[in-house]
Amino acid sequence: MEKKETIDLSIGMIVKNEAAKLEKCLKALQPLQKAVSCELIIADTGSTDGTRAIAEKYANQVFDFPWNNDFAAARNAVLDRCSGTWFLAVDADEYLDAKIENLVQFVKNPRSKRAMCATLTIRNYSSPDMMGEYSDFTALRILRMDTGIRYEGAIHEHWTFPKDAPCQYIDALLHHDGYAYTSSQQAIQKAWRNLKLLETQLEENPNDALAVMQCLETSVPIPDQAKAYARRGMELLQTEPKVEGWDNVAGPMSRKAADVACRYEMPEWDAWMTWAESTLPDSPYITIDVTYLRMHWLYQKERYEEAIQAAERFLSAVADYQAGKYHPMQFLMAGLSYAGVQFVKMAHVVQGSCYFHLGEVEKGLFLLSGVDLSDADNQIVQSWMRVMETIADHPAAAKTAAAALTPVLKIDENQPRQRERRRVCLQQIASSFRRQADRPNGWKLYADLPIDMGRCARICLAATSQEVQTTIEQISSWDAVVPRALAHILELGVPLPDAFYARNTEDLHDVLTMLIQEDPRFALHAIWHTRCALSKDIAKARFGFEMVSLALQALEIDDAALYKALIACFRQLADIYLQHWYHPDLLRDETNLHLLPNLHRFTWYFLRSQERLDKGDVSGCVRDLRIGLEQAPKMKNMVAFLLDCVEKGDYPAAIAVASPELLELAEKVKAILSAYAPDDPMVQSIKKSDAYRKVAFLVEDSASQWLL
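Since the model is a prediction, treat every value here as computed from it, not as a measurement.

Draft legend 1. The arrangement of the overall build of the protein chain in detail. A count of helical and extended segments in the protein chain gives 32 helices and ten strands. Against the 2.2 N^0.38 benchmark of 27 Å for 708 residues, the protein chain shows a C-alpha radius of gyration of 37 Å, more extended than a compact globule. Expressed as lengths along the three principal axes of its C-alpha atoms, the size of the protein chain is roughly 125 × 60 × 45 Å. In the protein chain, which comprises 708 residues, the share counted as buried stands at 52%. Long-range pairs, those at least 24 residues apart, make up 67% of the contacts in the protein chain between residues at least 6 apart in sequence. Total accessible area on the protein chain stands at roughly 33,500 Å², and carbon and sulfur atoms take up 50% of it. For the protein chain, the separation between the mean place of its 77 positive charges and that of its 96 negative charges on side chains is 2 Å.

Draft legend 2. Structural view of helix 26 (residues 598-614). Helix length check: helix 26, at 17 residues, gives a terminal C-alpha distance of 25 Å against a target of 24 Å (1.5 Å per residue), a fit within 8%. Within helix 26, twelve of the 17 residues are buried, which leaves it mostly tucked inside the rest of the structure. Those residues of helix 26 that sit buried are His600, Arg601, Phe602, Thr603, Trp604, Tyr605, Phe606, Leu607, Arg608, Ser609, Gln610 and Leu613. A positive phi of about 85 degrees marks glycine 616, the residue just after helix 26.

Draft legend 3. Local environment of the side chain of serine 337. Along the chain, serine 337 falls in the loop between helix 11 (304-322) and helix 12 (341-357). Here the side chain of serine 337 touches arginine 255 through a polar contact of 3.2 Å, side chain to side chain. Apart from residues lying up to four places away in sequence, serine 337 is in contact with Arg255, Lys256, Asp259, Asp289 and Phe343.

Draft legend 4. Layout of the pairing of strand 1 (residues 9-15). Here strand 1 lies mainly inside the structure; seven of its seven residues are buried. Where burial is concerned, the two faces of strand 1 agree: the one with Leu9, Ile11, Met13 and Val15 and the one with Ser10, Gly12 and Ile14 are both buried. Pairing between strand 1 and strand 2 (residues 38-44): seven bridges, direction parallel. Bridging across to strand 2, methionine 13 finds its partner in isoleucine 42.

Draft legend 5. Spotlight on helix 23 (residues 538-554). Over its 17 residues, helix 23 runs 24 Å from end to end, which matches the ideal 24 Å to within 8%, given 1.5 Å per residue. Helix 23 sits mainly inside the fold: 14 of its 17 residues count as buried.

Draft legend 6. Summary view of the side chain of aspartate 259. You can see aspartate 259 is positioned in helix 8 (residues 246-263). Beyond its immediate sequence surroundings of up to four residues, aspartate 259 is in contact with Leu293, Ser337 and Tyr338.

Draft legend 7. Examining the packing of aromatic side chains more closely. Here the structure, examined in full by the defined rule, presents 27 aromatic pairs. Ring centres 5.6 Å apart and planes at 80 degrees place the aromatic pair tryptophan 478 and phenylalanine 500 in the edge-to-face group. Of the two residues, tryptophan 478 is situated in the loop between helix 18 (465-472) and helix 19 (483-491) and phenylalanine 500 in helix 20 (residues 498-501); the sequence distance between them amounts to 22 residues. Phenylalanine 500 matches tryptophan 478 in its accessibility class, with the two residues each being buried. Clustering of aromatic rings is evident, with ring pairs tying together Phe545, Phe570, Tyr577, Trp581, Phe602 and Phe606. Directly above the aromatic system of tyrosine 95 lies the positively charged group of lysine 24, at a separation of 4.3 Å from the ring centroid.

Draft legend 8. Geometry of the packing of helix 17 (residues 452-461) against helix 18. Two numbers describe how helix 17 lies on helix 18: the axes approach to 9 Å, and their chain directions differ by 170 degrees. In terms of orientation, helix 17 and helix 18 fall into the roughly antiparallel class. Within the contact between the two elements, helix 17 uses Arg455, Arg458 and Ile459 and helix 18 uses Val468, Thr471 and Ile472. For the contact of helix 17 with helix 18, the residue count by class is three nonpolar, one polar and two charged.

Draft legend 9. Region of the structure containing the nonpolar core. In terms of nonpolar packing, the biggest core is built from 193 residues, with Leu373, Trp384 and Met638 touching the most fellow members. A per-element tally of this core places helix 24 (residues 560-581) first, with eleven residues. Every residue in contact with leucine 373, bar those within four places of it in the chain, is listed here: Ile380, Val381, Trp384, Ala404, Leu405, Val408 and Arg421. Formed by 40 residues, the second largest nonpolar core is a distinct cluster that contains Met13, Leu40, Val90 and Tyr95.

Draft legend 10. Quick look at the state of the cysteines. A complete count under the given rule lists zero disulfides for this structure. Free cysteine: cysteine 25, not disulfide-bonded; nearest cysteine sulfur from cysteine 38 at 12 Å. Owing to a relative accessible area of 0%, cysteine 25 belongs among the buried residues under this scheme. For the unlinked cysteine cysteine 645, the closest cysteine sulfur is that of cysteine 621, found at 10 Å.

Draft legend 11. Main features of the sheet that holds strand 4 (residues 86-89). Judged by pairing direction, the sheet is mixed, and its eight strands sit side by side in the order 3-2-1-4-7-6-10-5 without closing on themselves. Every other strand in the sheet has two partners, leaving strand 3 (61-64) and strand 5 (94-96) as the edge strands with one partner each. Across the sheet, the mean angle from the axis of one strand to that of its neighbour is 30 degrees, orientation sign disregarded. Inspection of the sheet shows strand 6 (residues 117-125) paired to strand 7 (residues 134-144) by nine bridges, in the antiparallel sense. If you follow arginine 123 over to strand 7, its bridge partner there is aspartate 136.

Draft legend 12. Just the confidence of the model for the protein chain, in detail. For the protein chain, mean pLDDT is 89; residues scoring 70 or higher make up 95% of the total. Within the protein chain, strand 4 carries the highest mean pLDDT (98), whereas helix 29 (residues 653-656) carries the lowest (48). Note that pLDDT drops below 50 for residues 702-708; the model gives that stretch 33 contacts with residues more than four away or on any other chain.

Reading the values: the criteria
- Chains are numbered independently. Their residues run from 1 in the order of the written sequence.
- Residue-level local features of this predicted model are given only where pLDDT is at least 70; pairs of side-chain atoms are given and counted only at 80 or more, and the full residue set underlies all totals for whole chains, interfaces and linings.
- Here the side-chain values reflect all heavy atoms present in the structure, with hydrogen atoms and water set aside.
- To qualify as a helix, a DSSP run of H or I must reach at least 4 residues; to qualify as a strand, a run of E must reach at least 2; elements of each kind are numbered from the N terminus.
- Only C-alpha atoms enter the radius of gyration; for comparison, a globular chain is expected to reach 2.2 Å times N to the power 0.38, where N is the number of residues.
- For every residue, the accessible area (1.4 Å probe, protein chains only) is compared with the maximum for its type, and the residue is labelled buried under 20%, exposed over 50%, or partly exposed between those bounds.
- We call two residues contacting when some pair of their heavy atoms lies within 4.5 Å.
- Using a 1.4 Å probe, the Shrake-Rupley method yields the accessible areas, and only the shown protein chains count as cover for residues.
- Charge convention: Lys and Arg are scored as positive, Asp and Glu as negative, and His as well as the terminal groups of each chain are ignored.
- Note that the charge is assigned to NZ on lysines, CZ on arginines, CG on aspartates and CD on glutamates.
- To estimate how far a helix should extend, the number of its residues minus one is multiplied by 1.5 Å.
- By the criterion applied in these results, polar contacts are pairs of N or O atoms within 3.5 Å in which, for protein atoms, one can donate a hydrogen and the other can accept it, and in which residues neighboring in sequence qualify only through two side-chain atoms.
- Any two strands with at least two DSSP-identified bridges between them are counted as paired.
- Only rings of Phe, Tyr and Trp enter the pairing, Trp through its six-membered ring, and a pair is recorded when the two centres are within 6.5 Å. The plane angle decides the type: under 30 degrees is stacked, over 60 is edge-to-face, the rest tilted.
- Charges are assigned to positions over rings by a cutoff of 6 Å between ring centre and Lys NZ or Arg CZ, combined with an angular limit of 35 degrees from the ring normal.
- The convention used is that axes are lines fitted to C-alpha atoms, helices contributing only their stretch in contact, and that angles between N-to-C directions extend from 0 to 180 degrees.
- Between 65 and 115 degrees an angle is taken as roughly perpendicular, under 35 as roughly parallel, over 145 as roughly antiparallel, and anywhere else as oblique.
- Under the grouping applied here, Gly and all other residues not named as nonpolar or charged are polar, the nonpolar ones being Ala, Val, Leu, Ile, Met, Phe, Trp, Tyr, Cys and Pro and the charged ones Asp, Glu, Lys and Arg.
- Each nonpolar core is a collection of buried residues, namely Ala, Val, Leu, Ile, Met, Phe, Trp, Tyr and Cys, held together in the definition by side-chain atoms within 4.5 Å.
- Sulfur atoms of two cysteines make up a disulfide when they are within 2.5 Å.
- Scored from 0 to 100, pLDDT records how confident the predictor is in each individual residue.

Written out as structure tokens, the structure is:
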């Protein structure tokens, strides 16, 4: 009779609708299946998405198990069909790491049978691509089959061993992305599903500390439930005498309660941390996780010296953890939340900010310069930038930022995480140009960056038009140029290049919308830009026309001379713009005006009102202005001002018809006059010249001063 082959390892799974992940899981198991005598047994609890077909490609046995809301029952059904010496439990959203040598050695070594069970490490990822932050915990996943031990618990099923049961830790790794939800709704749905099963179990024993902790961990995405279980868990931990299982759950449960208190800003946050720190001073859940939360609490309270000390304690404890000074079995109940490299980076950012607040800028700068942002999470990149913006005026700040951020900006387009990190970086740079009370000069931080927004910072720092002109020539895309830089270009009178106007109408309109919000001298810049817009270039004329129109809509009537100058610009640009934009036949007939946009209809009536006023038809001018207002109610301030001018006989008609050549002559005459004292005889001589007589109305009228 042929001897039956001994199976060293049975791998057991339960699955339901896991088609998206199952094949990756089963392929990752194949190296282990080839290395040891192995069988794979899978229970399908009701799949409808093709999971069964995938399972049958890889498993030795696939069977149906009708789902009855009991995970232990399903797991035990798998156990019943297994015949290996050892049993390994795996889930469909877990992937065995390629380094399986220690696991293979354990299964093959006869001396391993001295143990009843074994643990390995589960690595939980926070992002679906499994590239971001993660936390590790030790999981009891391997059972010696001849112990006869069975699963218990309808959810969070587990094995119960005698207290002195020999257990071995295996240095092997299962990667797990089951908690890396693609949306908050997905997390909430899974939380409710698990919570209902756990609460049924908790009804049987309300003081079951493990069940309360599991309810607390499960309910985190659901605010009201999470806060309720945090309070229930802390009340249970502080009950005397201690509840059964206190030693195992006190660390992870008090950590999770503090975490929930932090997340939802509960008033108990400080009290719970204090209790955990005094009661469990040596627990890694406290020395690492709670200390990290304590650091943030102190920072929020502006207790900066204490926050620095908390950060140092946290970093020291993480270093101990990374050096293996905590035994893996300490993490059997749950993993650490804040031991990863990203939280170490954040601790340095917090420390650096604290030093800045304390006036020790050099210490903070040294810390922040050592933070590698090339692989940092988006939140860390953004936090680092915001903290550095508070010292943007420091001589070394821009150079430090360039060194840290240049690798973030140079990306592999095929890497989604890198693309997203770069997007967050650019978004923060753009926001720094807006007026921030706590970091008004934050934009200066980016002046050394080799990108267009870095050039924007250099434009804003420029003191002369030549400096601005030199930087403008280096800009590769005007889409990246921020309103603050545009305002400074206009302030220094530097013409915008043709490339600026080459964008579509919607983009240029968006530029103006942002510019009027960010530029306190928008009205003046609209006037100064008019000179550039008075050309046959329709793009420049259109931009100038919209710019002046927005200024007239937004400007409060508190400076009559400025308002007159704006109206003068509007008249000049309106005539050019409409003649370029529409066929003369269309503009000739008033019955065609319904084809024009509202503002253009208003403009048509405004221009006709000017013609009537020039001919002395005051009533016709007033009538056209009122008809125009009906077309574009947003121009009500302008119409009100014009009607008042007509009534007072103070209408800015002469200024409105001044040509660009006449304005240029007026500017030259004004410059010559400024070289002499008002009572100098030379002034009177100049005023008698033909040139002066041509432009006297511009030089002497207060409104025209805005145009010169």
